[in-house]
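Here's the letter readout for the chains.
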Amino acid sequence: MPYTLTVNGTSTTVDTPEDMPLLWVLRDVLKMKGTKFGCGVGACGACTVHIDGRAVRSCMTRVANVNAAVTTIEGLSEDGSHPVQQAWMELDVPQCGYCQAGQIMTAAALLANNSSPSDADINTAMNGNVCRCGTYMRIREAIHRAAASV
Amino acid sequence: MKAETDTTLNRRTFLKVTSLTGGGVALSLYVGNREGQAQFGPPPAPPTPDVYITIKPNNRFTIIAKNPETGQGIKAALPMIIADELDVDWNQVDIQQADLDPKYGRQIEGGSTAIPSNYTTMRQVGAAARAMVLEAAADFWNVPVDELTTASGVVHGGLGRQATYGSLADAVSRLEPPDITGVPLKDPADFKIIGQPVPGVENFQMVTGQPIYSIDVEPAGMLFAAYHKCPVFGGVVESANVDAIRALPGIQHAFVLDADPDGSGRASGVAIVADSWWVANNARQQLDVAWNEGPTAVENTTRYDEQAAALSSRASEAPAGGGRGVANIGDVEAAFADAAQVLEAEYYFPLLSHAPLEPMNSTAHFKEDGTLEIWSPSQIPGLANPARSAGIENDAATMHLVRSGGGFGRRLYSEYDIEVAAISRRVSEERMEAGLPTVPVKLLWTREDDMHFDMYRPAGYHFFKAALDGDGRLTAFRDFVPSVSSVVPANEFPRGFVSNFMANSIPITPFSIPTGALRAPSTNGVSFVMQSFIDELAVAAGADPMQFRLDLLANPVPEPQPAGGRGGRGGGFGGGGFNASRAAGVLEAVRRMSNWDAAYPTMGNGRGLGCAFQFAHAGYVAYVVDLTVADNRQLRVNNVWSAVDIGRQIINPSRSRNLVEGGFIEAMSHMMDWEITIEGGAVVQNNFPEYQPTRMSHAPSSIEVEFVLSDNSPTGLGEPSLPPAIPAITNAVFNATGERIRRLPMKHDGYRWT
């Protein structure tokens, strides 16, 4: 089936099965590899993208149900200048780094709605994003830092 | 004398210089043939020098990162060492990942070995390159070398003379290289890069979503494969409806691969190949496979548990003979008979899966000319088994090392390379038969595949008995381990600090589940049981648990016969045996950091402090944990203090702190939720909902890290930070509530995170 999607501001038409998750449309059809596969059941957050500004798990979102603009990690900023991306680099957050695209997308959506989140707000927003390497201390600090510069 | 000179010459290790087209010079490490090698078998192939440093005319420096990167930060750490001795600025350096090649020596991520086994060589490489640049400048200006200085990739010659390394590259390429072992190294006080917090070299790529991971590798025309294996370990495909699968929309290939247990080790399965991975994987739902499950299908965790309990009646049996991995020092039975107090306790920790966030995958291209190219995320990359699996010779295969999304020991086992090699060959053959060009194939496992087909951290059943005298001193310590490939703590503390010590083991059979190394192998579970039982002894002795450990460490007990292999468990790599003063050093540090002496007596009523230490992979780590346990067994880690002794030099403090925090957070997963259980010879757990990792809301308020700099060679930190975190937490739970945690994971006792 053909589906027309707007991804990072660009409209594109893909021909896929209707139940193909957005994650695999992004990765295997559109060849955008920034959004990551971790669990396939919405339990780790590695595949987080924005749809209409909300953080959603692209592994659980069928392409047929995508009815608003999609933003991926590649489109969060043109040059890595988003305050969340900057804070992640300044605090040297990543270890293996595999989860960080999803962490950053969730954090960016949080800050878009709450410019000064408490630790409790961060816990609530970020709990669906697993970091297997355990960089939570730095993620928390980086969100506070990004909030200060938004 | 002459013979000695020859030996030196034969063993010469020097830099080789190659001038580059378009300017610049490449400096490679050349390890000369060792004497005797030529006397046996065919003459060795001339060694190819491994390029480590390229000096470019624009004064930029490309430095090779030789080891696989899984998140431990080695891609920065080894080049940092070279760059510092070369005396260039870090921002003048471009890093290039090496391919797999024997010329680089060991290219392994495992055992926290990269720093201890490369630190000196990497320094020598950088220092020798700098020495050549200096010599070129000295020739050019006709001044003695010792009048020259360097900084930021520039040679200064007094009188305002200066020359960039890049401008000297040509001259360097005409010099006779020095033997690198003779080149003086920097005074560590002059390090400019080593010891500085250097951010991860690919942070920008990570935060902008660039395709740097193994799962992102996509050479032109690539197809995607799923591989469906028998959930029962060792089970094989008898038949499968591959014709029907092949007829599904989007499926390009579907076929059965036989098991190859005596060759590559490949497991039997059904390969499904499509032009998107989701289509290939989704077709597994239509698969109809007849399995021969084999003998492992009778195995269950409850059977292992029952056997362990039955075997515990033999806990007093002394180990037969002087076998490795067991110990029998003094006479524990006599000490038990004489004791003022005897304590017994049963401990258990389960099988664990590694669960790195990037599921297993690998990419391969079997080409028309019979060669195989592999892009591998392996921690211990090797060509032999993938080549065997594809039915080709080793030298027909090449391998690129690709960054992986986490290792933790999982990628020490490379079944994905072995599977994709055979899948790629079959796909290429089918395509060639159809008159099509060959294309690369990526194999990707699901999270469920990853959890079902791991090499699991072995479980541990520990039956302890120990004795205290009337003064609360430890007089005997015994551990009995009914073993499922388990670690027997035969060389662990308190061995060497108690007069009577016994560790023995009897295997549980059958046990056919594949086991392997998980971050901090051997101590990741053993630290929990040993440091917890020692805590029990401290409490029974009426002692402060911190002081009880320090008192033990201060009073070594010479053993009547050579211990043999002290430090083999937990020591293992690069650091020699257990050093009591280093262990005491990290304990004293956390005691001070946490204000233990003042705080410990005030605890109780749901607030607790716990401590533990561990010697692992040549490093010493101690923790103090401050936590709160609510009435409903909700646990909250408040503050954590960690002291770490990994020698006199921390290469990259930013990454080192991150590894300590990460080790602690991982330990919280092991402790609260993680377990793999077996039913019918297969793994029960499927995905993260049944195998919950630590999450943001569980993370402590703070983890304070202090590096105790002892005068020892620098060693690794990937592993040592994990093991003692678990007993530090469970000991704090006891301190808070009086309830001793003897069985992991704690969720089975009704605990959960706040």
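Here we summarise the structure given alongside this text. Since this is a predicted model, take the numbers as computed values, not measurements.

### Section: the state of the cysteines
Residue and element names in this part refer to chain A.
Stage number 1. Per the counting criterion, the structure on display carries 0 disulfides over all chains.
Stage number 2. Cysteine 39 takes part in no disulfide bond, and the closest cysteine sulfur to it belongs to cysteine 44, at a distance of 3.8 Å.
Stage number 3. Classification of cysteine 39 by relative accessible area gives buried; the value is 3%.

### Some words on the packing of helix 5 (residues 136-149) of chain A against helix 17 (residues 653-672) of chain B
Stage number 1. Packing of helix 5 of chain A against helix 17 of chain B brings their axes to within 9 Å, and their N-to-C directions diverge by 115°. Taken together, helix 5 of chain A and helix 17 of chain B sit at an angle that is classed as roughly perpendicular. Where helix 5 of chain A abuts helix 17 of chain B, its residues Tyr136, Met137 and Arg138 of chain A lie against Ser654, Arg657, Asn658, Glu661 and Ile665 of chain B.
Stage number 2. A class-by-class count of the residues in the contact of helix 5 of chain A with helix 17 of chain B yields 3 nonpolar, 2 polar and 3 charged.

### Notes on the interface of chain B and chain A
Stage number 1. In this complex, chain B contributes 62 residues to the contact, which on the side of chain A involves 50 residues.
Stage number 2. Contact with chain A buries surface across chain B, with Trp278, Leu357 and Met696 of chain B losing the most and accounting together for 19% of the total.
Stage number 3. Counting the contacts that link chain B with chain A gives 6 salt bridges.
Stage number 4. Residue arginine 27 of chain A is joined to aspartate 216 of chain B by a salt bridge in which the shortest nitrogen-to-oxygen separation is 3.0 Å.
Stage number 5. Mapped onto the side of chain B that touches chain A, the elements with two or more residues apiece are helix 5 (203-207), helix 7 (277-282), helix 12 (447-452), helix 17 and strand 28 (702-707) of chain B.

### Quick word on the sheet that holds strand 12 (residues 269-274) of chain B
Residues and elements named next belong to chain B.
Stage number 1. Pairing in this open sheet of 7 strands is mixed, and the strands run 11-12-9-19-16-17-18 from one edge to the other. The open sheet is flanked by strand 11 (251-257) and strand 18 (397-401), the only strands paired with a single partner. Ignoring strand direction, the axes of neighbouring strands in this sheet form an average angle of 20°.
Stage number 2. Here strand 16 (residues 361-366) runs beside strand 19 (residues 441-444); their pairing, made up of 4 bridges, is antiparallel. For alanine 364, the partnering residue across the bridge sits in strand 19 and is valine 441.
Stage number 3. The sheet strands contacting helix 11 (residues 415-433) are strand 9 (223-229), strand 11, strand 12, strand 16, strand 17 (372-376), strand 18 and strand 19, and the helix crosses strand 11 at an angle near 120°.

### Some remarks on the sheet that holds strand 15 (residues 341-349) of chain B
Residues and elements named next belong to chain B.
Stage number 1. As summarised here, the arrangement of the 5 strands in space is 14-22-21-20-15, forming an open sheet in which the pairing is mixed. A single partner strand is all that each edge strand has here, and the edge strands are strand 14 (327-329) and strand 15. Along the sheet, successive strands turn relative to each other by an average axial angle of 15°, direction set aside.
Stage number 2. Two strands pair when backbone bridges link them, and strand 14 and strand 22 (residues 500-507) are joined in this way by 3 bridges, in the antiparallel orientation. Each residue of the ladder has a partner; that of asparagine 328, found in strand 22, is methionine 502.
Stage number 3. In the packing of helix 8 (residues 301-311) onto the sheet, contacts are made with strand 15, strand 20 (460-468), strand 21 (474-483) and strand 22, and the angle to strand 20 comes to roughly 25°.

What counts and how
- Residue positions are given per chain, counting from 1 as you read along its sequence in written order.
- Just so you know, chain letters begin at A and ligand numbers begin at 1, following the order they were written in.
- The model is predicted, so local features are restricted to residues of pLDDT at least 70 and side-chain atom pairs to those at 80 or more, both for listing and for counting; the totals for chains, interfaces and linings are taken over all residues.
- Only hydrogens and water are set aside when side-chain values are computed; all heavy atoms of the structure are taken into account.
- Throughout, disulfides are identified as pairs of cysteine sulfur atoms within 2.5 Å of each other.
- With a 1.4 Å probe rolled over the protein chains alone, any residue whose accessible area is under 20% of its type maximum counts as buried; one over 50% counts as exposed, and the rest are partly exposed.
- Between the N-to-C directions of two axes lies an angle of 0 to 180 degrees, each axis being a line fitted to C-alpha atoms and, for a helix, fitted only over the stretch in contact.
- To qualify as a helix, a DSSP run of H or I must reach at least 4 residues; to qualify as a strand, a run of E must reach at least 2; elements of each kind are numbered from the N terminus.
- Just so you know how the angles are binned, under 35 degrees is roughly parallel, over 145 roughly antiparallel, 65 to 115 roughly perpendicular, and the rest oblique.
- It only takes one pair of heavy atoms within 4.5 Å for two residues to be counted as in contact.
- Amino acids outside the nonpolar list (Ala, Val, Leu, Ile, Met, Phe, Trp, Tyr, Cys, Pro) and the charged list (Asp, Glu, Lys, Arg) are all regarded as polar, and Gly is one of them.
- Here the buried area means the combined drop in accessible surface, using a 1.4 Å probe, for two parts upon being joined, counting both sides.
- Salt bridge criterion: a side-chain nitrogen from Lys or Arg within 4 Å of a carboxyl oxygen from Asp or Glu.
- At least two DSSP bridges between two strands are needed for those strands to be called paired.

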